[in-house]
Amino acid sequence: MTLQKPDLRILTVWRIRLLVTAVAPSAVTAYFSINRTWAWWLFSASWIAAFLYFYIGYYPIKYRKLSYSINQACLVVHCGVIYTRIKAMPLVSIQYVSVSSTPLQQLFGLCSLVVYAAGSTLRLPGLPLQDGILLQGALTPDGGSHG
């Protein structure tokens, strides 16, 4: 059982998504704030600190701890930022496997594998599209014969 890492480009996808999310409120506050009071400076400093925390700290740690493996009995995903979580899904309980990607992931040739079982969903982001399709076929209960 060898742990495999998602593609490193997912870190770039997460950071671009963070940048887009951070620019909108910043632009609105910069446009509508006529006088720069201490509250505006405090909000701006807090927003910059939060952005840097996620850009420099959170997402690199999230990527470093994210890994997966498949053995004869189950799919195992290691994830988490503060605490490492190990999620295991028995292969016999898998009901449906889906490959999805956002437009930003498509731009980088990546996808997310979503595995559904009774009462549980497991999401594995950052796979190259071809690997996601191969894993979907390998994990589908009927062996991937229907698509």
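Located above this text is the structure these notes cover.
Quick caveat: nothing in here was measured; it's all calculated off a predicted structure. (Residues numbered from 1 in each chain as written. Predicted model: local features only at pLDDT ≥ 70, side-chain atom pairs only at ≥ 80, totals over all residues. Heavy atoms only, no water.)

A.B. asks: Before we go on, may I ask you to explain the pairing of strand S2 (residues 74–79) in this structure?
C.D. replies: Two faces belong to every sheet, and in a regular strand the side chains alternate between them. Where burial is concerned, most of S2 is hidden: six out of the six residues are buried. The alternating pattern of S2 places Cys-74, Val-76 and His-78 on one face and Leu-75, Val-77 and Cys-79 on the opposite face, and all of these are buried. Sheet topology places strand S1 (residues 67–70) next to S2; four bridges connect them, and they run antiparallel. Looking at the pairing, Tyr-68 lines up with Val-77 of S2. Counting the residues between successive antiparallel strands, the hairpin from S1 to S2 contains three residues. As paired strands, S2 and strand S3 (residues 85–90) are joined by six bridges and run antiparallel to one another. (Buried < 20%, exposed > 50% of the residue type's maximum accessible area, 1.4 Å probe, protein only. Helix = DSSP H or I, 4+ residues; strand = E, 2+ residues; numbered from the N terminus. Pairing = 2+ DSSP bridges.)

A.B. asks: Quick question: what am I supposed to make of the nonpolar core here?
C.D. replies: What tends to happen in soluble globular proteins is that the nonpolar side chains get buried as a cluster. Grouped together as the largest cluster of nonpolar side chains are 27 residues, with contacts concentrated most on Trp-14, Val-77, Leu-113, Val-115, Leu-124, Leu-127 and Leu-139. If you list the elements that add at least two residues to this core, you get helix H1 (9–32), helix H2 (38–65), S2, strand S4 (94–100), strand S5 (110–117), strand S6 (120–128) and helix H4 (129–139). Broken down by element, this core gets its largest block of residues, six residues, from H1. Excluding anything up to four places from it in sequence, Leu-124 contacts Leu-66, Tyr-68, Val-77, Cys-111, Ser-112 and Leu-113. (Core = buried A, V, L, I, M, F, W, Y, C linked by side-chain atoms within 4.5 Å. Contact = heavy atoms within 4.5 Å.)

A.B. asks: How should I be thinking about the packing of aromatic side chains in this particular structure?
C.D. replies: Two aromatic rings, taken as a pair, are described by how far apart their centres are and by the angle between their planes. Enumeration over the complete set of coordinates arrives at nine aromatic pairs. With a centroid separation of 6.1 Å and an interplanar angle of 45°, the aromatic rings of Phe-54 and Tyr-59 are classed as tilted. Under the relative-accessibility criterion, Phe-54 is labelled partly exposed at 29%. When its relative accessible area of 9% is taken as the criterion, Tyr-59 is described as buried. Through pairs of rings, three or more aromatic residues link up here, namely Trp-14, Tyr-53, Phe-54, Tyr-58 and Tyr-59. Over the ring of Tyr-55 we find Arg-15, and its NZ or CZ is 4.4 Å from the ring centre. (Phe/Tyr/Trp six-rings, centres within 6.5 Å; stacked < 30°, edge-to-face > 60°. Lys NZ or Arg CZ within 6 Å of the ring centre and 35° of its normal.)

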